[in-house]
Amino acid sequence: MAYNKDLETREVQATWDVTTYQYKLDGRGAKVLADGMKEKTIRGIKCPQCGRVYVPGPTYCRVCYIDIDDVVDCSDEGVVMSYCIEMADVRGNPMDEHRVSAMIKFDGADTWFIGTVHGIDPMDVKIGMKVKAIWKDVTEGNLGDIQRFEPV
Amino acid sequence: MIMSNVAIAGVGYTPVFVSKRKDVNIAEMISESVATALENTGLTPDDIDAVTFGNMQTFEGLNMPHLWSAEHILAVDKPTIRISTGGTTGMSTLQAAYYYVASGLYDIVMAVSWEKQSEGDSQVGLAGIVMPEAMVMVQHGLDLFGGGGLSAMGGGSTGAASFQAMSYLHHSGADPEHIDKMAALERSNAALNPYAHLRKKTSVEDIQATPFIAWPLRFGHTCPTSDGATTCIVMSEEKVRKMTDGNVAWITGLGSATSDPSTANFLEGQLTDPAEQEPARIASAKAYKMAGIKDPSRELDMAEMYNGFAHQSLMWLEKLGCCKEGEAHKLLDAGALNIDGEIPTNASGGVFSTNAIGASAMNRPAECALQIMGKIEGGHKIPKKIRKAVSHGWGGMFQYVTVMVLADEPMKS
Ligand SMILES: [Zn+2]
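None of the values given here were measured: they were computed from a predicted structure.

The rules behind the values
Residues numbered from 1 in each chain as written. Chains lettered and ligands numbered in written order. Predicted model: local features only at pLDDT ≥ 70, side-chain atom pairs only at ≥ 80, totals over all residues. Heavy atoms only, no water. Helix = DSSP H or I, 4+ residues; strand = E, 2+ residues; numbered from the N terminus. Rg over C-alpha atoms; globule rule 2.2 N^0.38 Å. Contact = heavy atoms within 4.5 Å. Areas by Shrake-Rupley, 256 points an atom, 1.4 Å probe, with all protein chains shown as cover. Pairing = 2+ DSSP bridges. Axes fitted to C-alpha atoms, helices over the stretch in contact; angles between N-to-C directions. Buried area = accessible area lost by both parts, 1.4 Å probe. Salt bridge = Lys/Arg side-chain N within 4 Å of Asp/Glu carboxyl O. Polar contact = N/O pair within 3.5 Å; in protein donor to acceptor, adjacent residues only side chain to side chain. Nonpolar A, V, L, I, M, F, W, Y, C, P; charged D, E, K, R; others polar. Buried < 20%, exposed > 50% of the residue type's maximum accessible area, 1.4 Å probe, protein only. Expected span 1.5 Å × (residues − 1). Bend = angle between axes of the 7 residues up to and from the residue. Phe/Tyr/Trp six-rings, centres within 6.5 Å; stacked < 30°, edge-to-face > 60°. Core = buried A, V, L, I, M, F, W, Y, C linked by side-chain atoms within 4.5 Å. 1 Å grid on protein atoms, 1.4 Å probe; cavity = no way out; pocket = protein on both sides within 12 Å on 5 of 7 lines; lining within 4 Å. Points joined across faces, edges and corners; volume = space filled by probe spheres on them. Donors = N, O, S within 2.8 Å, 3.2 Å for Na, K, Ca; no water. Tetrahedral: all angles 85-135°; square planar, octahedral: opposite > 155°, others 65-115°.

**A closer look at the overall build of chain A**
Looking only at helices and strands, chain A features one helix and eight strands. Listing the helices and strands of chain A from first to last along the sequence gives α-β-β-β-β-β-β-β-β. Taken over the C-alpha trace, chain A has a radius of gyration of 21 Å; the compact-globule value for 152 residues is 15 Å, which it surpasses by more than 25%. In terms of overall dimensions, chain A has a C-alpha envelope of 65 × 40 × 35 Å along the principal axes. Counting only contacts in chain A whose residues sit at least 6 apart along the sequence, the fraction spanning at least 24 positions is 50%. Surface summary for chain A: the accessible area is close to 8,600 Å², and the carbon and sulfur share equals 46%.

Listed below in structure tokens is the structure:
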């Protein structure tokens with residue numbers, strides 16, 4: 001087949017609204033975590049069958065496929081499971097300030113939460129490192145109440 | 001269960017895979033690969049019993065592209081299904097064609113896959129995977145693009161992949177420089193492949209001169225966005241005997257498996273390490289068993305891995321049993337992954353050098369088939385005889401894996 005790079009099709013501009021979604025919020029799941037954060041507490045939901053603790057908790061255990069609603073407190077300290085250092089925007093333009101974004105497993109939980117780690121040279125961060133949540137002075141009961149994480 | 005033998009009898013690519021095909025619309029571009037597949041197999045439209053068709057959902061913002069393209073893909077009066085399984089789409093589309101033929105329902109099925117990324121917004125398509133969850137997290141106070149740690153995720157798939165890359169490096173003992181080295185090898189392979197998108201001989205220093213997006217991943221570790229299409233003709237053994245010269249590639253094993261989403265599943269608690277990739281082990285074990293392969297690290301002559309990012313080729317070699325955990329970077333250092341090495345890996349340049357997403361996971365087995373048939377056009381032809389090859393697809397929320405084993409001989413029943 002011929003490939004003619006000089007031939008041009010006509011471009012048509014359009015926009016596409018993708019902003020309307022429904023997501024069930026029934027007082028469990030993320031809301032348990034958010035409400036707990038007002039008291040500077042990490043709350044998850046434990047499966048009575050396999051013992052997994054989800055933070056935030058879904059309304060059912062994804063492994064056992066049973067409804068779960070047993071709220072448990074976890075530590076606000078945890079372990080860095082993986083991380084990256086944000087150094088550029090999506091176009092590849094370097095950022096002035098590098099930032100460590102980490103996946104953190106709170107002690108007592110089985111799931112990975114996300115946050116930023118400060119107070120350490122980004123190149124010194126290690127998988128397996130212990131970190132603790134640094135809370136806002138005045139918490140509001142939402143996922144923004146953890147301001148950052150710092151090494152323990 | 002004894003399955004009927006099924007072969008890939010021919011492959012058709014678009015003349016090029018590039019950033020923007022401005023000279024054709026979507027259906028016209030797809031039809032180029034269909035016409036080439038017919039030309040390469042000597043078949044006529046009447047020979048095709050059914051069509052499977054795959055591309056990414058939402059990437060071009062189009063519904064029902066398979067029906068819009070009905071005449072261009074020879075689907076009129078024939079069964080036609082569209083398949084969309086994320087990054088694995090191309091191989092799922094080929095596997096569906098295999099199911100049709102292996103079941104005995106049809107003899108000759110055409111599997112068509114494509115993407116025309118220039119006519120859509122890939123970031124919108126990717127965001128559409130997690131948008132409802134992300135919006136709920138925002139409602140609950142998480143700053144998507146600020147200091148909440150999510151901006152790597154918000155920045156697209158490279159950010160998400162960087163967590164996987166870091167975990168892989170940690171557990172495998174490979175250095176970040178091994179990612180540079182794998183990237184340079186594959187880009188240099190791509191330079192030899194006329195159907196690759198980024199075709200420039202590339203050194204480790206060239207890769208290291210590119211900026212980091214999110215440590216440990218650089219701009220030079222990431223795939224391009226491409227326009228292109230690939231068609232495979234899938235045929236029963238009976239038709240291979242009757243209608244071809246016998247030079248085909250046999251699909252001797254296949255498998256697929258999913259785990260829970262192992263990235264960006266924060267609203268319901270992410271359980272799985274994005275570098276664990278247990279589905280790769282499950283799917284490949286199934287495919288090897290079917291293909292009668294007992295030790296993939298010894299029996300395979302080549303590998304084509306799905307690698308949107310350069311660290312993944314190394315990771316998949318381990319997950320698919322082509323070597324032990326933590327050994328892929330040693331094979332790389334020893335030259336075993338080179339085109340003339342023991343287990344040439346992504347001789348084509350991989351997804352990392354050419355990514356028309358819907359077609360990317362079909363190009364992997366297609367490249368294996370062309371190597372087996374000795375029909376590679378270009379300098380990336382592997383110098384040794386290829387008897388057994390493994391190909392792989394990956395995608396979803398870092399969780400879905402497809403595997404296909406190809407061989408120069410059919411399975412004996
Ligand atoms: Zn459970």
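**Here we look at the sheet that holds strand β2 (residues 53-54) of chain A**
Residues and elements named next belong to chain A. The strand order β2-β1-β3 describes an open sheet built from three strands, whose pairing is antiparallel. On the outer flanks of this sheet lie β2 and β3 (70-74), each paired with one strand and no other. The sheet contact formed by strand β1 (residues 42-46) and β2 spans two bridges and is antiparallel. Bridging from a neighbouring strand, isoleucine 45 pairs with tyrosine 54 of β2. Lying over the sheet, helix α1 (residues 30-38) contacts β1 and β3, oriented at roughly 150° with respect to β1.

**With respect to the interface of chain B and chain A**
Between chain B and chain A, the contact holds 57 residues from the first and 51 residues from the second. Buried surface at the junction of chain B and chain A, both sides included, amounts to about 4,600 Å², of which 66% is carbon and sulfur. Run the count over chain B and chain A and you get one salt bridge. With its nearest N and O atoms 3.6 Å apart, the salt bridge here joins aspartate 260 of chain B to arginine 62 of chain A. Linking chain B with chain A are 10 residue pairs in polar contact (both at pLDDT 80 or more), by the criterion used here. Considering every element that reaches the side of chain B that touches chain A, the biggest residue donor is helix α4 (residues 122-139) of chain B, with seven residues. Along the lines of polarity and charge, the residues of the side of chain B that touches chain A split into 27 nonpolar, 22 polar and eight charged. As defined by bridge partners, strand β4 (residues 77-88) of chain A adjoins strand β5 (residues 212-215) of chain B across two bridges and the pair is classed as antiparallel. Bridged to glutamate 86 of chain A within β5 of chain B is alanine 214 of chain B.

**Brief notes about α1 of chain A**
Residues and elements named next belong to chain A. Among the residues making up α1, those that are buried are Ala30, Val32, Leu33, Ala34, Gly36 and Met37. On its buried face, α1 sits against β1, β3, β6 (113-117), β7 (130-135) and β8 (146-151). Of the residues flanking the end of α1, it is lysine 40, one or two places downstream, whose phi is positive at about 55°.

**Brief notes about helix α15 (residues 357-373) of chain B**
Residues spaced three or four apart along an α-helix point in a common direction, a consequence of the helix completing one turn every 3.6 residues. Residues and elements named next belong to chain B. Between its terminal C-alpha atoms α15 stretches 25 Å, which fits the 24 Å expected from 17 residues at 1.5 Å a residue. At asparagine 363, α15 shows its maximal kink, close to 35°; a proline, proline 365, follows between one and four residues later. Of all 17 residues in α15, 17 are buried, a share of seventy percent or more.

**Topic: the packing of aromatic side chains**
Residues and elements named next belong to chain A. Evaluated as defined, the whole model comprises 11 aromatic pairs over all chains. Where phenylalanine 106 meets phenylalanine 149, the ring centres are 6.0 Å apart and the plane angle is 40°; that geometry is what we call tilted. Highlighted residues: phenylalanine 106 in strand β5 (residues 94-106) and phenylalanine 149 in strand β8, separated in sequence by 43 residues. Each member of the pair phenylalanine 106 and phenylalanine 149 is classed as buried.

**A few points about the pairing of strand β1 (residues 6-13) of chain B**
Residue and element names in this part refer to chain B. When you tally the buried positions in β1, you get eight out of eight residues, the bulk of the element. Direction of pairing for β1 relative to strand β7 (residues 227-236): antiparallel, over a ladder of seven bridges. Bridge pairing in β7 links isoleucine 8 to valine 234.

**Comments concerning the nonpolar core**
Ranked by size, the top nonpolar core spans 89 residues in total, and within it Ile8, Leu94, Tyr168, Tyr288, Leu337, Val390 and Leu406 of chain B carry the most contacts. If one sorts the elements of this core by residue count, α15 of chain B sits on top with 10 residues. Those residues in contact with leucine 337 of chain B, other than ones at most four positions away along the chain, are Met182, Leu185, Leu314, Leu317, Ala328, Leu331, Leu332, Ile343, Pro344 and Thr345 of chain B. Core analysis: the next-biggest nonpolar cluster, separate from the first, contains 41 residues, Val100 and Ile104 of chain A together with Met137 and Phe266 of chain B among them.

**A few points about the layout of surface pockets**
A water-sized probe rolled over the atoms picks out the places where empty space is left. If you add up the space inside the second largest pocket, you get close to 800 Å³. Taken together, 26 residues make up the lining of the second largest pocket; nearest its centre are Glu11 and Val12 of chain A together with Ser118, Glu119 and Gly120 of chain B. A per-class count over the lining of the second largest pocket returns eight nonpolar, eight polar and 10 charged.

**Digging into the coordination of the zinc ion**
Residue and element names in this part refer to chain A. Binding of the zinc ion to the protein goes through Cys47 (SG), Cys50 (SG), Cys61 (SG) and Cys64 (SG), at separations of 2.3 Å. Each of the four donor atoms around the zinc ion contributes to a set of angles spanning 106 to 112°, which defines the coordination as tetrahedral. Between the donor residues of the zinc ion, the gaps in sequence give the motif C-x2-C-x10-C-x2-C. Note that cysteine 47 is positioned in the loop between β1 and β2 and cysteine 61 in the loop between β2 and β3, a separation of 14 residues in sequence. The class for cysteine 47 is buried, based on a relative accessible area of 0%.

**Considerations on the sheet that holds strand β11 (residues 400-407) of chain B**
All names here are of chain B. Judged by pairing direction, the sheet is mixed, and its nine strands sit side by side in the order β3-β2-β4-β7-β1-β8-β11-β10-β9 without closing on themselves. Looking at strand neighbours, the two that pair on one side only are β3 (80-83) and β9 (302-304), the edges of this open sheet. Between one strand axis and the next, the sheet turns through 25° on average, direction left out of account. Its contacts with the sheet place helix α1 (residues 26-41) against β1, β2 (50-54), β4 (108-116) and β7, and it is angled at close to 125° to β1.

So yeah, pure geometry; function would need other evidence.
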